[in-house]
Amino acid sequence: QLARIQTDSVVEMLRELYPDLSFEIAVAMSTTGDKILDTALSKIGEKSLFTKELENALERNEVDLVVHSLKDLPTSLPPGFTIGAVCKRENPLDAVVFHPKNCGKTLSLLPEKSVIGTSSLRRAAQLKKKFPQLEFRDIRGNLNTRLKKLDEREDFSAIILAAAGLKRMGWENRIGQLLTPEDCLYAVGQGALAVEVRAKDQEILNMVSALHDADTVLCCIAERAFMKRLEGGCSVPVAVNSMLKDGQLYLTGAVYSLDGSDSLKETMQTSVNYPQQSEDGPNDDVQHVGITAKNVHSQAQEAAESLGVELASLLLSKGAKHILSVARQLNDAR
């Protein structure tokens, strides 16, 4: 349902921009990540859990564009594909949804040994450290399934979800607590929608590039470059927070051990203040961590990518590789 709502919202924007074109939502597909519901995401080990089946349809020309949550897209896309648009980001923060009996509480007010559901190693690692009195357990399924599990059983006192998904579903009223970046840094690309297209399909690429939100593009390029340099994925706890203010792009990045006891966190900034360039710059189709953003200044994109790489390199120089490899081994052994 969420995937459909997200796709409909992108199609709606395209219809407004191109009233003479007709857009057909051809197929709703289940992906590997949707089908395997009894295993933690971090254990399945498939790089493109929520994207492969959709990319196959794109490759076969059955569809012309695919809408994803950007956080589901790996930092290296298969050859022949690109992210042709990154739409304006919804709130990227994580949200706590409480069991009805805990309505009005916050995580810190829950009784000791309360069980919190999350399928994210990143969330669990950060929150275990901050709330050692709570227990964290995997919960899988789409948003509807997870909320049903929370409400109808007594297994969980609360679950952690992305605020963006709840908002898009019209369930904002279920958010009992928004986790600030001080509580919990978010996932790379969280809250942003990506439109994936065939890299050589200029007509489609030109069409969807109108959907790019420049600020979101620059933040997400920095975040994805950070993740790529760390070789992170959903099997290790990597987290970010980015912000654009007065032409400066700020990126905070962190890596965690599975229990959150070991962590590294740093913040860096760079200037992305370049005058708007014309549509047909010389670097028209250069990809930055899988994103082709024709209408965003190429030097600003380069600066954003460098920022992510430099921040990751700083963490690696302080021992991030060890923290992540131990996390990966422990996760594999679970």
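Please refer to the structure placed before this passage.
Conventions we followed
- Residue indices begin from 1 for each chain and proceed along its sequence in written order.
- Per-residue local features are limited, in this predicted model, to residues with pLDDT of at least 70; the limit for side-chain atom pairs, both in listing and counting, is 80 or more; totals at the level of whole chains, interfaces and linings are taken over all residues.
- Heavy atoms from the whole structure form the basis of all side-chain values; hydrogens and water molecules are not counted.
- What makes a nonpolar core is a set of buried Ala, Val, Leu, Ile, Met, Phe, Trp, Tyr and Cys residues whose side-chain atoms join them at distances within 4.5 Å.
- With a 1.4 Å probe rolled over the protein chains alone, any residue whose accessible area is under 20% of its type maximum counts as buried; one over 50% counts as exposed, and the rest are partly exposed.
- For the purposes of this entry, the term helix denotes a DSSP run of H or I that reaches at least four residues, the term strand denotes a run of E that reaches at least two, and both are numbered from the N terminus.
- Two residues qualify as a contact provided that any one of their heavy atoms is within 4.5 Å of a heavy atom in the partner residue.
- Should DSSP find at least two bridges between two strands, the strands are regarded as paired.
- For helices, the fitted axis covers only the stretch in contact; all axes are lines through C-alpha atoms, and the angles between them, taken along N-to-C directions, range from 0 to 180 degrees.
- Basic side-chain nitrogens of Lys or Arg form a salt bridge, by our definition, when they fall within 4 Å of a carboxyl oxygen of Asp or Glu.

## Considering the nonpolar core
Line of reasoning, step 1. Judged by nonpolar contacts, the single largest core of 45 residues is most densely connected at Leu 70, Ile 83, Phe 226, Leu 230, Val 238, Leu 249 and Val 255.
Line of reasoning, step 2. When contributions to this core are tallied by element, the ones reaching two or more residues are strand 2 (81-86), helix 9 (214-230), strand 9 (238-245), strand 10 (248-256), helix 10 (298-317) and helix 11 (320-333).
Line of reasoning, step 3. Sequence-distant contacts of Leu 230, defined by excluding residues within four places in its chain, comprise Val 238, Val 255, Ala 312, Leu 316, Ala 320 and Leu 324.
Line of reasoning, step 4. Membership of the second largest hydrophobic core comes to 15 residues, among which are Val 10, Ala 85, Leu 193 and Val 208.

## As for the sheet that holds strand 9
Line of reasoning, step 1. The strand order 9-10-11 describes an open sheet built from three strands, whose pairing is antiparallel. Among the strands making up the open sheet, the edge pair consists of strand 9 and strand 11 (263-271). When the angles between neighbouring strand axes are averaged without regard to direction, this sheet yields 10°.
Line of reasoning, step 2. Note that strand 9 and strand 10 share eight bridges and pair antiparallel. From the neighbouring strand, Ala 239 faces strand 10, where its bridge partner is Ala 254.
Line of reasoning, step 3. On the sheet, helix 5 (residues 121-130) packs against strand 9, strand 10 and strand 11 and is oriented at approximately 90° with respect to strand 9.
Line of reasoning, step 4. Those strands touched by helix 11 are strand 9, strand 10 and strand 11, and its axis lies near 50° from that of strand 10.

## Thoughts on unusual backbone geometry
With the exception of glycine, most residues fall at negative phi, and the peptide bonds are largely trans.
Line of reasoning, step 1. Unusually for a residue other than glycine, Asn 61 sits at a positive phi of about 60°.
Line of reasoning, step 2. Along the chain, the position of Asn 61 falls in the loop between helix 4 (52-59) and strand 1 (66-69).
Line of reasoning, step 3. Non-glycine residue Asp 246 carries a positive phi angle of around 50°.
Line of reasoning, step 4. As for its placement among the helices and strands, Asp 246 is situated in the loop between strand 9 and strand 10.

## Focus on the pattern of salt bridges
In a structure, side chains of opposite charge can pair up when their charged atoms sit close to one another.
Line of reasoning, step 1. Per the counting criterion, the structure on display carries 15 salt bridges.
Line of reasoning, step 2. Note that Glu 62 is salt-bridged to Arg 60, the shortest N-O span being 2.6 Å.

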